[in-house]
Each structure stands twice: as C-alpha cells, then as structure tokens.
Amino acid sequence: MNILVISLRYLGDVLLTTPLIRALKRAHPEAAIDALVFAGTEGMLEGNADVRAVLAVESKPRLWRRYDLAVVAGTGDRPHVYGWLAAPRRAGLLPPEWSKRWWKRLLVRQGVVSPEREARLEAFAKLARAMELEWQPKIIAPGAGMTSAAWRPLLGFNPYAERYAVIHIAPRFRYKRWHAEGWRALIVWLRAQGLPVVLTGGPGEEERGYVQSVLAGSGTRVIDLAGRLRFGQVADLLRRAAVYIGPDTATTHLAAACATPTVALFGPTDPRLWGPQPAAGLERPYEKVAALQKRGNVVLVQEPSQACVPCQLEGCERHRESHSDCLDAMQAERVIEAVRARLHAAP
C-alpha cells in the first residue's frame, strides 16, 4: 500500500501530523508513506522513520492515482483536491461550514468535522478513530544525527558535555514577539548562570533585523545560529539543551516534543488550541489563561493582567505586523523566574 498524507499549512502543523503518520504506519507496517507539504516545511519530517519521501507542492510532483490512500490533514480546498487526484480512497478533516463541507464530504470515505476552535491533535485523534487506527498523541521530532565533532565548529563547545540554553527571539509574525528589553535581560541572566546562549531562528530579513537590534543592546555574547540550521539539526541541538525559551512558534513546539525543559511565551494565541505538546503527552488540557501553567516538560507563561488574553487574533491592530499589548506587558522578572524553576527542576 502507498499512502499520501497531505499537510499544507505551517511548520508547526506539519510537526503535528507526525502522530497521525505514526498511527498509519502501525496499522500498515509494510506501507510506504509519503507526505505532501509546502516548500520550506519539509524539515519537520527530516529523519522520520515512518516517512518514505517528503514532496513539496511547488515541485509539482506526479500525483494522479499514484497512491492507494490519501489522508488530508486539513480542511482547505487545495489539499482535498490533491487528495482526490492522488488516490481512489481518501480520508480527511472537514470544515464546519456546510457550504464549504458538502463537496469535500463526497470525496472522502472517512471524514470528520474539525471546528475552527479545536486543537489540531484532537481533530487528528477523531480522524484516527474514524479510520480505526490506534491513536497515541506523541509528536515525532525530526533529527539529523549530529555528532559532537559536527557541533564543535558551530558552537565552540561539546553539547554532549556542557550545559547551555537555547532561545528563539523572532517568531515569523510580529504580533507574537516578546519585547526586546525582556530578551536582553534574559540573555544577561542566563550568561550570569554560566550558560552559553545559543540562538535559533529563521533567515528572513525582518527577523534577522529584529534579532540584531536585540543583541546589539544586550552587551553580552551569544552563539547566533539563526538561519544556519535545518530543523533536524535544531531538534538535535534542543535535545541536549538545559532549557529553551521561545514565543508561540514552531521551534517552541519542537522543543516541547524533544523533551527539552521549555518555557513558552504566549500572547494572543489560545493555549487550549495551540499550547505546546509535552514529550510525554498532555496529562490535562491547558487552561484558557493563567500566569503560569506547567505541563510535563513545558511551562507556559501568559499575561493575565490583560483582560483580552487570549484574543486569538493577530495582535491589537488585527494584522500580523501588529504589536500585542499582552506580550509588551510581560515582565522579564516573571520569565526569568519561570526559567530558573525549569533549570532547577530539570536533570
């Protein structure tokens, strides 16, 4: 059997499909499973033993009836059309609106409605049950098999022998950013604890500009690997880190999945929908808002003084380049205290 899993969204969404792919592989151990994703998100499946090949839609792969089963891990029009092209048998998520759902329902043998305000892993769990698959909500992080010798020229030290912190300053969208003063204070505090600070991030010009503005005012040295690592390498780096701190971004979900002691800074985003999944699973759901929530290896920090948190909107100005008052009001001392607790709790 040849199976195609279609996930045409962001990096974090591709990472969240890995429990669904694992469920398919367990049910069909001899099957060959491919994934169809957007270019730039393939790295979330690097080294995944359940996946034969990762295809990017931009490369226009040959799909017509190449597969026996297509699993559509989204509710959009485009992934459902690709599913129809790829396989005679299909299963997938369906939008809640009847006007958008009716024709997609005709295309799938097993389909489950995924409301907008539903955690994506919950939707995948429903889809797995509809397909009679055994479901375990464990995310499979990528990997690159990096050795200490491969890390040394990048880090200047052996990550297998030394403790270090990883931070992710710049999310893809402005409205998820914490303020520069907070990052500077955190970097200074981490260095005072004797921890080398390693920076991850994307290569985008605006992201790099923000990072450089933060670092220019910190007055202390960090190891800047932003834009230089594949996601499999980032995951290898995270697995050995003493602590990771980052905003609502794909790397934060990756750190949680790697069992790294993780401090996640959340603003407008509802953690009930998009809170990072701890490596051992979510023992109880996240609350809508709390100053600090501990779940497994994850500590999630919010700003409850803002009555609108979480608004689940794109910042205070309702666009991706907006500021967010809730993140601007989050004090560095609160974040540092959460990091301190994670460092003391971690082995």
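Above this text is the structure in question.
## A few points about a nonpolar patch on the surface
A cluster of nonpolar residues, Trp 98, Trp 102 and Leu 106, forms a patch on the protein surface that exposes about 410 Å² of accessible area. Tracing the backbone shows Leu 106 in helix H4 (residues 98-107). Under the relative-accessibility criterion, Leu 106 is labelled exposed at 65%.

## Some points on the sheet that holds strand S8 (residues 197-200)
Read from one edge of the open sheet, seven strands run S9-S8-S7-S10-S11-S13-S12, paired in mixed fashion. The open sheet has two free edges, formed respectively by strand S9 (223-224) and strand S12 (292-295), since each of these has just one partner strand. Note that strand S7 (residues 165-168) and strand S10 (residues 243-247) share three bridges and pair parallel. Residue pairing across strands places Val 166 opposite Tyr 244, the latter belonging to S10. Most of the contacts of helix H9 (residues 231-239) go to S8, to which it runs at about 155°, and overall it touches S7, S8 and S10.

## Side note on the pattern of salt bridges
Per the stated rule, a full pass over the model turns up 15 salt bridges. Notably, a salt bridge pairs Lys 176 with Asp 248, separated by 3.2 Å at the nearest N-O pair. Residue Lys 176 is located in the loop between S7 and helix H7 (180-192), and its partner Asp 248 is located in the loop between S10 and helix H10 (250-257); the two are separated by 72 residues in the primary sequence. With its nearest N and O atoms 3.8 Å apart, the salt bridge here joins Arg 177 to Glu 206. Within this pair, whereas Arg 177 is found in the loop between S7 and H7, its partner Glu 206 is found in helix H8 (residues 205-216), the two being separated by 29 residues in sequence. Looking at Glu 206, the relative accessible area reads 49%, which means it is partly exposed.

Criteria and cut-off values
Residues numbered from 1 in each chain as written. Predicted model: local features only at pLDDT ≥ 70, side-chain atom pairs only at ≥ 80, totals over all residues. Heavy atoms only, no water. Patch = residues over 30% accessible without salt bridge, like charges linked within 9 Å, V, L, I, M, F, W, Y side chains within 5 Å. Areas by Shrake-Rupley, 256 points an atom, 1.4 Å probe, with all protein chains shown as cover. Salt bridge = Lys/Arg side-chain N within 4 Å of Asp/Glu carboxyl O. Helix = DSSP H or I, 4+ residues; strand = E, 2+ residues; numbered from the N terminus. Buried < 20%, exposed > 50% of the residue type's maximum accessible area, 1.4 Å probe, protein only. Pairing = 2+ DSSP bridges. Contact = heavy atoms within 4.5 Å. Axes fitted to C-alpha atoms, helices over the stretch in contact; angles between N-to-C directions.

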